[in-house]
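Inside the fold
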Amino acid sequence: MKYIFLNLKRFDVPPQYGGVNRLAPVEGWGRAIVESTQQALRQYDPAEVQFVQYFPEAHLLSAGAALCENSPVQLGCQGVYRADTAVGGNFGAFTTNRPASIAKAMGCGWVLVGHCEERADKNGVLAEAGVTDTAAVNRLLNQEIRAAVAQGLKVLYCIGEKSEEQERWQEVLGEQLDVGLAGVDKAQVAIAYEPIWSIGPGKTPADRPYIQKIARFVKERTGGLPVAYGGGLKADNAEMLASISEIDGGLIALTRFAGEIGFYPEEYLEIIRLYLGK
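Position numbers for residues start from 1 in each chain and track the written sequence from start to end. Reporting in this predicted model follows two pLDDT cut-offs: at least 70 for local features of residues, and 80 or more for side-chain atom pairs to be given and counted; totals over whole chains, interfaces and linings ignore these cut-offs and use all residues. Side-chain calculation: all heavy atoms of the structure are included, whereas hydrogens and water are not.

Between N-to-C directions, angles span 0 to 180 degrees; the directions come from axes that are lines fitted to C-alpha atoms, helices contributing only their stretch in contact. For the purposes of this entry, the term helix denotes a DSSP run of H or I that reaches at least four residues, the term strand denotes a run of E that reaches at least two, and both are numbered from the N terminus. Closest axis-to-axis distance for the helix 6 (residues 136-150)/helix 7 (residues 169-180) pair is 8 Å, and the angle between their directions is 40°. If you check the angle between helix 6 and helix 7, you find them oblique. Between helix 6 and helix 7 lies a crossing of right-handed hand. For the pair helix 6 and helix 7, the contacting residues are Asn138, Arg139, Asn142 and Ile145 in the first and Glu175, Gln176, Val179 and Gly180 in the second. The classification used treats Ala, Val, Leu, Ile, Met, Phe, Trp, Tyr, Cys and Pro as nonpolar, Asp, Glu, Lys and Arg as charged, and all other residues, Gly among them, as polar. In terms of residue class, the contact of helix 6 with helix 7 is made up of two nonpolar, four polar and two charged. If an angle is under 35 degrees, it is roughly parallel; if it is over 145, roughly antiparallel; if it lies from 65 to 115, roughly perpendicular; otherwise it is oblique. When the near helix sits turned anticlockwise from the far one by under a right angle, the crossing is termed left-handed; a clockwise turn instead gives a right-handed crossing. Here, residues are in contact when the closest pair of their heavy atoms is within 4.5 Å.

What follows is the structure, encoded as structure tokens:
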């Protein structure tokens, strides 16, 4: 099985507010993404590849309403709170933190946990509190994963090492996997590997041998969980990533089209064609 994940981050923000959304008005953005991609994705066998699109939570309902019958698009949310609602218990007094129960009720089948941006945010909060325990973030993410899995959601769990951690990548990634997945039903989990040190303008992308090395390590450490490349599946690396047997898919984020940066359905579909070879 191959997995093509799409992380739409906060790409709904229009340029006049400093964002990159040139696709559609904000109120129709989620619907526009589903409607512009799902018919083209129907050509692929759902037994061979799954397509998951992670939306900002405000757009989940409009995206879900745009799904056709037997749509190849599966909805995902970009995170869940580490606690959940319970009948006769907490009714969801978490302010802006979305519990897994409402994510499921809104039509989500997947959740993204541990993206490098989420890790950075949690690390920043803990640093302000004087916490230096490197496993603390992984323990918090473990609670999120367990809450999601308890609701029947599938989890794309992101791991990755920063430049200053590269020499001890086995220790860093091993801790992220061991602590993050402790007590978790792994049948509900896929891993996204983000080489944080290689992501961004002016940085050297991770090459094929390095990605293959990490993928093998992750599979050995987790008992063979699916591994997607989370450093950005793009047109210029799709065929290379497809040639790595240990890689089971990729995470697409920003795409480039006509010299602009944003999300463009045409290029999203082209990346998929290049990766799947059809």
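Picking up where we left off.
Let's shift gears to helix 6. At 3.6 residues per turn, the α-helix brings residues three or four places apart onto the same side. With 15 residues, helix 6 ought to run about 21 Å at 1.5 Å a step, and its terminal C-alpha atoms sit 21 Å apart, in line with that. Buried means the residue's accessible area, taken with a 1.4 Å probe over protein chains only, is under 20% of the maximum for its type, while exposed means over 50%, and partly exposed covers the values in between. Within helix 6, the full set of buried residues consists of Ala136, Val137, Asn138, Leu141, Asn142, Glu144, Ile145, Ala147, Ala148 and Val149. Check the buried side of helix 6 and you find it contacts helix 4 (100-105), strand 4 (110-113), helix 5 (116-128), strand 5 (154-159) and helix 7. Looking one or two residues past helix 6, Gly152 carries a phi angle of roughly 85°, positive in sign. Take the residue count of a helix, subtract one, and multiply by 1.5 Å to get its expected span.

Take the packing of aromatic side chains next. Ring pairs shown here join Phe, Tyr and Trp side chains whose ring centres sit within 6.5 Å, with only the six-membered ring taken for Trp; geometry is labelled stacked below 30 degrees between planes, edge-to-face above 60, and tilted in between. For the coordinates displayed, the defined rule picks out 10 aromatic pairs. Arranged with centres 5.3 Å apart and planes meeting at 65°, the rings of Phe5 and Trp110 form a pair that is edge-to-face. Taken together, the residues span a long stretch of sequence, with Phe5 in strand 1 (residues 2-7) and Trp110 in strand 4 at a distance of 105 residues. For the pair Phe5 and Trp110, a shared accessibility class is recorded, and that class is buried. Between Tyr81 and Phe94, the ring centres sit 4.7 Å apart and the planes meet at 45°, which makes this aromatic pair tilted. Taken together, the residues Tyr81 in the loop between strand 3 (73-77) and helix 4 and Phe94 in the loop between strand 3 and helix 4 connect sequence positions 13 residues apart.

Between its first and last C-alpha, helix 8 (residues 208-222) extends 21 Å over 15 residues, near the 21 Å set by a 1.5 Å rise per residue. When helix 8 is considered as a whole, its buried residues turn out to be Tyr210, Ile211, Gln212, Ile214, Ala215, Phe217, Val218, Lys219 and Thr222. The elements touched by buried residues of helix 8 are strand 5, helix 7, strand 6 (189-193), strand 7 (227-229) and helix 9 (238-242). Whenever a nitrogen or oxygen atom comes within 3.5 Å of another N or O atom, the pair is scored as a polar contact, on the condition that within protein one atom can donate a hydrogen and the other can accept it, and that pairs from neighbouring residues in sequence are kept only if both atoms are in side chains. N-cap assignment for helix 8: the residue whose side-chain oxygen lies 3.0 Å from the backbone N of Tyr210 is Asp207. Note on helix 8: the residue one or two positions beyond its end, Gly223, has a positive phi of about 80°.

As a further point, take the pattern of salt bridges. Every case where a carboxyl oxygen of Asp or Glu lies within 4 Å of a side-chain nitrogen of Lys or Arg is listed as a salt bridge. Within the structure shown, the criterion is met by 12 salt bridges. With its nearest N and O atoms 3.6 Å apart, the salt bridge here joins Glu48 to Lys278. Here the residue Glu48 occupies a position in the loop between helix 2 (38-41) and strand 2 (49-55), and Lys278 occupies one in the segment after helix 10 (265-276), the gap between them amounting to 230 residues. Relative accessible area serves as the criterion here: at 43%, Glu48 is assigned to the partly exposed category. Here Lys122 ties to Glu118 by a salt bridge, and the two come within 2.8 Å at their closest N and O atoms. Placement of both Lys122 and Glu118 in helix 5 is noted, with a separation of four residues, approximately one turn of the helix.

Turning our attention to the environment of Ala47. Tracing the backbone through its elements, the reader meets Ala47 in the loop between helix 2 and strand 2. On a C-alpha basis, the gap between Ala47 and Met1 in space is 7.1 Å, while along the polypeptide they are 46 residues apart.

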